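# Inside the fold
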Amino acid sequence: LDYYGCGNGVMWVVSAEGASAISVLAARMARDELARALEAGANARKALAHTNKVLFQRLPRGACAKASLVEVGADGAKLYQAGYRAPLWICRAGQVLELAAEGLALGLDDGPVFEKGLRSEKLDVQPGVRFVQTNEAGIRMQELLDLVRAHSPKHTAPFMNLVLGTPEGDAGSAGLGEAVLLLTCKRMG
């Protein structure tokens, strides 16, 4: 179960940890609180801290959600990950760098440990750089990474059509075995 969005310079993904009803509830709560905080003008770090605190207060102990946020601004970009295991793919000139950031999953701590462990990774945003975020199903598909590498220099619409269209076409009427999420942003000239 994955939720995603973009706004106020932040591209984000929230995922459930597990498939139980409480995992689904945790992911939905995380999505709602994260979106609310970002819409109110919080930066990515503050939005994650707010979301973590709400989940810790409202969920049973041990319930959590995972999140990955890329915050893009005039001075560069930052990657924040809270329990999220799929790395961010940074694409430039046909090369792909995989980058992950550290952080405790949302809702496991009331704040101090979560905030201390939340480490951002600073990203250089040169013209032509594309950031690609996928879910765990996406990282299990080697073909997806190869397609991202091959098509990352293209404009976003053809990039998305080629990267997602190829595996769907190859799967035939049976479809993909899992739902693959793909978010991207690219800095133009």
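Use the structure listed above.
Every value quoted in this text rests on a predicted model; they were computed, and no experiment measured them. (Residues numbered from 1 in each chain as written. Predicted model: local features only at pLDDT ≥ 70, side-chain atom pairs only at ≥ 80, totals over all residues. Heavy atoms only, no water.)

### A look at the sheet that holds strand S4 (residues 76-82)
Let me state the cut-off plainly: By this definition, two strands are paired if DSSP reports at least two bridges between them. Think of it this way: any DSSP run of H or I at least four residues long counts as a helix, any run of E at least two long counts as a strand, and we number them from the N terminus. Convention adopted: a line fitted to C-alpha atoms gives each axis, helices being fitted over their contacting stretch, and angles between N-to-C directions are expressed from 0 to 180 degrees. It only takes one pair of heavy atoms within 4.5 Å for two residues to be counted as in contact.
An order of S1-S2-S3-S4-S7 is seen for the 5 strands of this open sheet, with the pairing classed as antiparallel. Since the sheet does not close on itself, it has two edges, and those belong to strand S1 (2-7) and strand S7 (121-123), each with one partner. Within the sheet, the average angular offset between the axes of one strand and its neighbour, ignoring direction, is 15°. With 6 bridges joining them, strand S3 (residues 65-73) and S4 adopt antiparallel strand pairing. Bridge pairing in S4 links Ser68 to Gln81. Docked against the sheet, helix H1 (residues 21-39) engages S1, strand S2 (10-16) and S3, running at close to 165° with respect to S2. Strand contacts of helix H2 (residues 44-58): S3 and S4, with the helix running at about 160° to S3, the strand carrying the most contacts.

### Quick look at the side chain of Lys186
Rules: Only protein chains enter the area calculation, which uses a 1.4 Å probe; residues under 20% of their type maximum are buried, those over 50% are exposed, and those in between are partly exposed. Under this rule, positive means Lys or Arg and negative means Asp or Glu; His and the chain ends count for nothing. Should a side-chain nitrogen of Lys or Arg be within 4 Å of a carboxyl oxygen of Asp or Glu, the pair is scored as a salt bridge. Polar contact is defined as a pair of N or O atoms within 3.5 Å, subject to the rule that within protein one atom must be able to donate a hydrogen and the other to accept it, and that residues adjacent in sequence are counted only when both atoms are side-chain atoms.
With respect to the helices, strands and loops of the structure, Lys186 is situated in strand S9 (residues 182-186). No salt bridge is formed by the buried Lys186, whose closest oppositely charged neighbour, Asp124, lies at an N-O distance of 15 Å. Only 2.7 Å separates the side chain of Lys186 from the backbone oxygen of Pro153, close enough to count as a polar contact. Not counting residues up to four positions away in its chain, the partners in contact with Lys186 are Gly128, Val129, Arg130, Ser152, Pro153 and Lys154.

### Observations regarding H1
As a reminder, the rule being used: To estimate how far a helix should extend, the number of its residues minus one is multiplied by 1.5 Å.
Given a rise of 1.5 Å per residue, 19 residues ought to cover 27 Å, and the 27 Å separating the end C-alpha atoms of H1 matches this to within 8%. All of the buried residues along H1 are Ser23, Ala26, Ala27, Met29, Ala30, Glu33, Leu34, Ala35, Ala37 and Leu38. For H1, the elements touching its buried residues are S1, S2, H2 and S3. Positive phi shows up at Gly41, right after H1, with a value of about 105°.

### Examining the side chain of Asn52
Looking at the secondary structure, you find Asn52 in helix H2. Non-local contacts of Asn52, meaning those with residues more than four positions away in its chain, are made with Ala105, Leu106, Gly107, Leu108, Asp109, Asp110, Gly111 and Phe114.

### Some details on the nonpolar core
Going by this rule: Take the buried Ala, Val, Leu, Ile, Met, Phe, Trp, Tyr and Cys residues and link them wherever side-chain atoms come within 4.5 Å; each set so joined is a nonpolar core.
Ranked by size, the top nonpolar core spans 28 residues in total, and within it Trp12, Val14, Leu34, Leu48, Leu55, Leu69 and Leu106 carry the most contacts. Sorting the residues of this core by element identifies S2, H1, H2, S3 and S4 as the ones contributing at least two each. The element best represented in this core is H1, accounting for 8 residues. Those residues within four positions of Leu106 in sequence are excluded, and the remaining contacts are Ala30, Leu48, Thr51, Asn52, Leu55, Ala63, Cys64, Ala65, Ala67, Ala82 and Phe114. Membership of the second largest hydrophobic core comes to 17 residues, among which are Met11, Leu99, Ala101 and Leu181.

Keep in mind that these numbers describe shape and distance, not what the molecule does.
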